[in-house]
Amino acid sequence: MKHIKSRSILGMLALSLLFIVSCGNDKNATTNENIPTVDELESLSKQDTIRVTLNSNDKMQFDKSEITVFEGQTVILTLHHTGTMTLSAMGHNFVLLTKGTAISDFTKQALKAKDNAYIPTDEKNVIAYTGLIGGGESVSVTFKAPEKGIYDFLCSFPGHYSIMKGKFNVN
Ligand SMILES: [Cu+2]
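Residues numbered from 1 in each chain as written. Predicted model: local features only at pLDDT ≥ 70, side-chain atom pairs only at ≥ 80, totals over all residues. Heavy atoms only, no water.

Novice: Please explain the nonpolar core as it appears in this structure.
Specialist: In a soluble, globular protein the nonpolar side chains are often hidden away together inside. Ile-67, Val-69, Phe-94, Phe-143 and Phe-168 are the most contacted members of the largest nonpolar core, which totals 28 residues. Elements with a contribution of two residues or more to this core: strand 1 (49-56), strand 2 (66-69), strand 3 (74-81), strand 6 (138-144), strand 7 (149-154) and strand 8 (165-170). (Core = buried A, V, L, I, M, F, W, Y, C linked by side-chain atoms within 4.5 Å. Buried < 20%, exposed > 50% of the residue type's maximum accessible area, 1.4 Å probe, protein only. Helix = DSSP H or I, 4+ residues; strand = E, 2+ residues; numbered from the N terminus.)

Shown next, in the form of structure tokens:
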């Protein structure tokens with residue numbers, strides 16, 4: 001009987017601990033619900049296709065400075081221009097550079113490629129890109145996520161890359 005009693009005390013202890021932990025901080029408790037478990041993450045990584053939405057605006061901004069996908073996934077990236085300015089004044093695109101490409105070198109080449117929507121015609125430093133869009137427009141590009149690593153993405157419209165850029169992580 002003594003054995004059972006000590007077990008139930010332990011049980012009560014564990015329960016009260018659980019109570020303290022779950023009531024300790026309501027803000028954290030709510031946030032934690034949105035964090036995927038290891039199992040969920042595993043199944044996410046096995047999805048063949050992932051959709052990414054990137055917004056841009058009249059203030060020369062992307063709404064993301066980081067995008068994360070998994071190696072080998074088919075990425076369907078949609079770029080929205082939520083502003084009202086025209087393409088010639090505030091055009092945006094999404095350009096994903098190959099690993100090791102210097103942004104400053106690439107944008108120098110892009111500047112010379114106005115007739116090709118600011119994508120250097122040889123395309124050798126580019127993994128994927130969208131067309132240029134103006135306010136109210138959207139454009140999508142589908143591509144296969146490259147090998148694991150950290151890549152740069154940017155808008156190659158003249159002068160925009162200093163603000164409109166971010167990291168594209170492939171896990
Ligand atoms: Cu831009």
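The discussion continues.
Novice: Just to check I follow, could you spell out helix 5 (residues 103-111) for this structure?
Specialist: Because an α-helix packs 3.6 residues into every turn, residues spaced three or four apart end up facing the same way. When we look at burial in helix 5, the residues that qualify are Ile-103, Phe-106, Thr-107 and Ala-110. All buried residues of helix 5 project into a common sector of 95° when viewed along the axis, lining one side. Here the buried face of helix 5 lies against strand 4 (95-97), strand 5 (126-129), strand 7 and strand 8. (Arc of directions from axis to C-beta. Contact = heavy atoms within 4.5 Å.)

Novice: Help me understand the coordination of the copper ion in this model?
Specialist: Ideal values differ by geometry: the angle at a metal is 109.5 degrees with four tetrahedral donors, but 90 or 180 degrees with six octahedral donors. Note on the copper ion: its protein donors are His-92 (ND1), Cys-155 (SG) and His-160 (ND1). The metal-donor distances range over 2.1 to 2.2 Å. Sequence spacing among the residues donating to the copper ion works out to H-x62-C-x4-H. With His-92 in the loop between helix 4 (87-90) and strand 4 and Cys-155 in the loop between strand 7 and strand 8, this pair connects stretches of sequence that are 63 residues apart. Both residues of the pair, His-92 and Cys-155, count as buried. (Donors = N, O, S within 2.8 Å, 3.2 Å for Na, K, Ca; no water.)

Novice: Whenever I open this one, the sheet that holds strand 5 confuses me. Can you help?
Specialist: Think of a sheet as strands paired side by side through backbone hydrogen bonds, with each pair either parallel or antiparallel. Strand order in this open sheet of five strands is 2-8-7-4-5, and the pairing throughout is mixed. Each end of this open sheet is capped by a strand with a single partner; those strands are strand 2 and strand 5. Strand-to-strand twist across the sheet, computed as the mean angle between neighbouring axes with direction ignored, equals 25°. Note that strand 2 and strand 8 share four bridges and pair parallel. Looking at the pairing, Val-69 lines up with Val-170 of strand 8. Across the sheet, helix 5 is in contact with strand 4, strand 5, strand 7 and strand 8; its angle to strand 7 comes to roughly 35°. (Pairing = 2+ DSSP bridges. Axes fitted to C-alpha atoms, helices over the stretch in contact; angles between N-to-C directions.)

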